[in-house]
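In case you want the letters, here they are:
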Amino acid sequence: AQSVTQLDSQVPVFEEAPVELRCNYSSSVSVYLFWYVQYPNQGLQLLLKYLSGSTLVKGINGFEAEFNKSQTSFHLRKPSVHISDTAEYFCAVSDMVRIYNQGGKLIFGQGTELSVKP
Amino acid sequence: DVKVTQSSRYLVKRTGEKVFLECVQDMDHENMFWYRQDPGLGLRLIYFSYDVKMKEKGDIPEGYSVSREKKERFSLILESASTNQTSMYLCASRRTSGVYEQYFGPGTRLTVT
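Report follows, based on the coordinates. (Residues numbered from 1 in each chain as written. Chains lettered and ligands numbered in written order. Predicted model: local features only at pLDDT ≥ 70, side-chain atom pairs only at ≥ 80, totals over all residues. Heavy atoms only, no water.)

Considering the overall build of chain B
Line of reasoning, step 1. Along chain B, the regular secondary structure elements total zero helices and eleven strands.
Line of reasoning, step 2. Each helix and strand of chain B, ordered N terminal to C terminal, gives the series β-β-β-β-β-β-β-β-β-β-β.
Line of reasoning, step 3. Computed over its C-alpha atoms, the radius of gyration of chain B comes to 13 Å, within 12% of the 13 Å expected for a compact globule of 113 residues.
Line of reasoning, step 4. Overall size of chain B, expressed as C-alpha extent along the three principal axes, is 40 × 30 × 25 Å.
Line of reasoning, step 5. Looking at the 113 residues of chain B, the share that counts as buried comes to 50%.
Line of reasoning, step 6. Put simply, 56% of the contacts in chain B that link residues at least 6 apart link residues at least 24 apart.
Line of reasoning, step 7. Distance between charge centroids for chain B: 4 Å, based on 17 positive and 15 negative side chains. (Helix = DSSP H or I, 4+ residues; strand = E, 2+ residues; numbered from the N terminus. Rg over C-alpha atoms; globule rule 2.2 N^0.38 Å. Buried < 20%, exposed > 50% of the residue type's maximum accessible area, 1.4 Å probe, protein only. Contact = heavy atoms within 4.5 Å. Lys, Arg positive; Asp, Glu negative; His and termini not counted. Charge placed at Lys NZ, Arg CZ, Asp CG, Glu CD.)

Brief notes about the interface of chain A and chain B
Line of reasoning, step 1. At the junction of the two partners, chain A supplies 23 residues and chain B supplies 23 residues.
Line of reasoning, step 2. One can count two salt bridges joining chain A with chain B.
Line of reasoning, step 3. Ionic pairing is found between K105 of chain A and D59 of chain B, a salt bridge with its closest N-O pair at 3.2 Å.
Line of reasoning, step 4. At the junction of chain A and chain B, the tally comes to five residue pairs in polar contact (both at pLDDT 80 or more).
Line of reasoning, step 5. Residue assignment for the side of chain A that touches chain B shows that the elements contributing at least two residues are strand 5 (31-38), strand 6 (44-50), strand 10 (87-95) and helix 1 (96-101) of chain A.
Line of reasoning, step 6. Per element, the largest residue contribution to the side of chain A that touches chain B is four residues, and it comes from strand 5 of chain A.
Line of reasoning, step 7. For the side of chain A that touches chain B, the class distribution of residues is eleven nonpolar, nine polar and three charged. (Salt bridge = Lys/Arg side-chain N within 4 Å of Asp/Glu carboxyl O. Polar contact = N/O pair within 3.5 Å; in protein donor to acceptor, adjacent residues only side chain to side chain. Nonpolar A, V, L, I, M, F, W, Y, C, P; charged D, E, K, R; others polar.)

Here is the structure:
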C-alpha cells in the first residue's frame, strides 16, 4: 500500500530565509506526486506536481520540488519565504491504477504548518 | 477557472441530527470527492464518485453516505451526527481520463454538540 510521510509537523522560519518541507513516500509502482497549500480558512490549491520527465519541478509563488526516486522523496523548497507563505502544506501521491481506476484518488500526508515570522 | 463551492462555511448541529453537506462544481468534472481534515491526520477520503449515481467508499466511510443525482453536485450525508464527526469537510472535483489534479472547495467546518 502507498503511504506519504511529512517529516515535520511544524516549521517556523524567519522572513526571507530559505525553507525546505520534507516529504517521503512508499510505493511499489511508479508514482505521481503533488504539493498542495492551504491558506488559513481556505481550501487546498495546487502548488506543483511531478508526473514524469525532469525531476526538478517548479510551481507557483516561487516554490520548487525535487523528485528523488532512490530516496523516495519529494521535498518542497523556497529560497526566500514571505509572511504570506504562512500556511499548511500537504504532500500527496497517486499512481496509474488510482488515476484510471479509482477516479484519481490521492493519498495525503499529515501536513506541515509553515509559520513565517518577521 | 474551476470553481468548487460548498453550501456552508460553518455549521453547528446537535448529536443525532441528520446533516447534509452540499458541493457544486462548475467545470463539468466527472470525478468528485469528499474528505475530512483533522489536525495531524491530513486529509482522509470518505467517498468518491466517478459519475452520476456512481459512488465508491473511501478510507473512512463509516457513518456517512453520499448522493450524486446530477453531475455538478455531490452531497455528503451524516445520517445521525455524532461528536466524533466534528471536523473540517472538504469537497474536490477532477477531470477524468488523464493525470489531472483535484480542485478543492473552501471547506465546511462542522461542529456537532
